[in-house]
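Observations on the model geometry
Below, each chain spelled out in residue letters.
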Amino acid sequence: MKAEVTSELGQLCLRGLMRVWFDFERQLGRVPLIARLESGRFDRADYRQLLLHWRQQVIEGARWISRTASSFDRDFAAVRSEVISHAQEEHRDYEVLEQDYVAAGGDLSTLQQGRRNAGTEALHAFLMYRASQTNPVDMLGAMWIIEGLGQKMANDWAGRVEDATDSNGELTRFMRYHGANDDGHMEKLYALLDTLCRSQADVDAILRTARVTGRLYALQLEEVDHE
Amino acid sequence: MTVYITATGHFLPGEPIDNEGIEPLLGRINGKPSRLRRRILESNGIRQRHYALDAEHNTTHSNAEMAALAGRNCLDQSALPASRVQLLSAATSQGDLVLPGFGSAVQANLGLSDIELHTSHGICSSSMMALKAAFTALKAEEHDYALVIASELASRLFKASRYEAAGGQADFKAEFLRWMLSDGAGAFLLERRSRGLCYRIDWIRGFSHADAFPVCMSVGHPRDTHDHRTWQDFPTYAEAEAAGALLLRQDVRLLDQIVKLGVDGYLRLIDSGWIQPDRIDHLLCHYSSHYFKSRIHDMLQQAGVGIPESKWYSNLSTRGNTGCASIFIMLDEFRRSREHQSGDTILCMVPESGRFNTVYMQLTVMEENRQ
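- Per an unreviewed UniProt entry, chain B goes by the name 3-oxoacyl-[acyl-carrier-protein] synthase-3 and belongs to Natronocella acetinitrilica.

- In the annotation of an unreviewed UniProt entry, chain A is listed under the name 3-oxoacyl-[acyl-carrier-protein] synthase-3 and assigned to Natronocella acetinitrilica.

1. Thoughts on the overall build of chain B
- Counting its secondary structure elements, chain B contains 12 helices and 14 strands.
- Against the compact-globule benchmark of 21 Å for 371 residues, chain B has a radius of gyration of 20 Å, which places it among compact chains.
- Dimensions along the principal axes, computed over C-alpha positions, put chain B at roughly 60 × 50 × 40 Å.
- Buried positions account for 57% of the 371 residues belonging to chain B.
- Look at the contacts in chain B between residues 6 or more apart in sequence, and 82% of them connect residues 24 or more apart.
- Side-chain charges in chain B split into 38 positive and 43 negative, and the spacing between the mean points of these groups amounts to 3 Å.

2. Some remarks on the pairing of strand β13 (residues 345-352) of chain B
Residue and element names in this part refer to chain B.
- Within β13, eight of the eight residues are buried, which leaves it mostly tucked inside the rest of the structure.
- Of the two faces of β13, the one holding Thr345, Leu347, Met349 and Pro351 and the one holding Ile346, Cys348, Val350 and Glu352 are both buried throughout.
- Where β13 lies against strand β14 (residues 357-367), eight bridges are found, and the strand directions are antiparallel. By the bridge assignment, Met349 is partnered in β14 with Tyr360.
- Remark: four residues form the turn of the hairpin made by β13 and β14, two consecutive strands paired antiparallel; Phe356 in that turn has positive phi of roughly 70 degrees.

Calculation criteria
- Residues numbered from 1 in each chain as written.
- Chains lettered and ligands numbered in written order.
- Predicted model: local features only at pLDDT ≥ 70, side-chain atom pairs only at ≥ 80, totals over all residues.
- Heavy atoms only, no water.
- Helix = DSSP H or I, 4+ residues; strand = E, 2+ residues; numbered from the N terminus.
- Rg over C-alpha atoms; globule rule 2.2 N^0.38 Å.
- Buried < 20%, exposed > 50% of the residue type's maximum accessible area, 1.4 Å probe, protein only.
- Contact = heavy atoms within 4.5 Å.
- Lys, Arg positive; Asp, Glu negative; His and termini not counted.
- Charge placed at Lys NZ, Arg CZ, Asp CG, Glu CD.
- Pairing = 2+ DSSP bridges.

Put into structure tokens, the structure is as follows:
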């Protein structure tokens, strides 16, 4: 069971975030690449393509989390500590992803020369912009989506990738890492809900940022097939 | 225009079969005991159920006969003679015939004359879709009286001979539901007037998500997931059967979605003001397994909109999971055995895993003389 959210605004926000998440999952289900993965029509080339595009967002991920931390003033010192430790934990994750790409038969230099697709550009620009505002409480919504992906989808997707590519864990260490660790990260987000939801405006901002993050994340995955 | 459920009924075939009695009845596949049976039964929490099959695998009641018996049982609870029924709305996942619609056979079995007919086809939520069709027909003042019947005869799919014809070894996806589903039928009479202690239908609302998720529970796909033919695409039915395309399958990896989507619909109905959690007196949820009950309960608690366990009612453990008939059989037994009074609010939830359709209904208990 998750850390308990007790305040009325925290609960309201949690319900909203749950709905945003459920809607996000349905958006993912409509992405052609994910639909192929879920119906077993997925191969190694699809997987390499996914990692190629994902790498850009993973690299940028640590940047917007760090920026978020630096934008909280002393009134939010505890939140800042939490976010800094999170950024520290994840800022070199992309190296694991690179190893998976090579293990899946990809060429490292191709991966390293990869560029952000239209969805990643939009997602990154939005997150850096929001993270740069003073006390960006709404970034909790962005973290809800990104960490939720790790906690709720990574293991399932890793299993499906392994089935579809006839492999074991050697191609999916990045996904498996997030599947194993993001539970703890989500616990911390639950704990932040009561702290950060101080007004209806905070709740609205968190939900809006979660919604936009989810939409742009799905767009990023849609763009994988447009290359 | 207000619509009421003024009578309910059910039919469960034969004697109840306990957990030890299932395999002797359905048969051991290639003579071997199932290795999954105990684990699945422990998690679903069903202790007994009914089958319209005898020990020789003869069908004791057709699906339409069961439906008719439930319909008759419902009308027997009412003052309304069968001749007054104007609309029959019937639901099942599998009629006795592939064609025509199930409702035709039920009408013939009940001997109802000059009625309008509706057949709803699907899995667990098809009964709620049939109910909604009748509810809206009465609301539109097209009719005054409607009989809604949901019936399932799943056990015919679970005979050992079916698995043997499909190559013997049952894969997990094909065997899972063998220990979950059983047979039965339930019925409601709908009227535009209240009668005795009855239920006013406040609203029925469904959310379907087939555009966002793959098929989760189905008959018609072969065992090989890379083979995208359906049962009718094979040269002969014998080849489709050998490929396992006529077995009932559940993709258990997708099952978690049912919990989330069940909660999602509930939160949507709260946001739109249709549900007020603290005003719900009884919750009847058609979950297929006790495992899901705790998942749904915990998620609602976490969201701060939980319904206390004392308000949950289910007869899954003693009547089994009868697919679309479950929620009707549940409300019928609730009506006969659970204390409730005028003014109480009942929420019914049917999250279906087929391709993810969740349907909700709110009822208010009414008493005729207090109108």
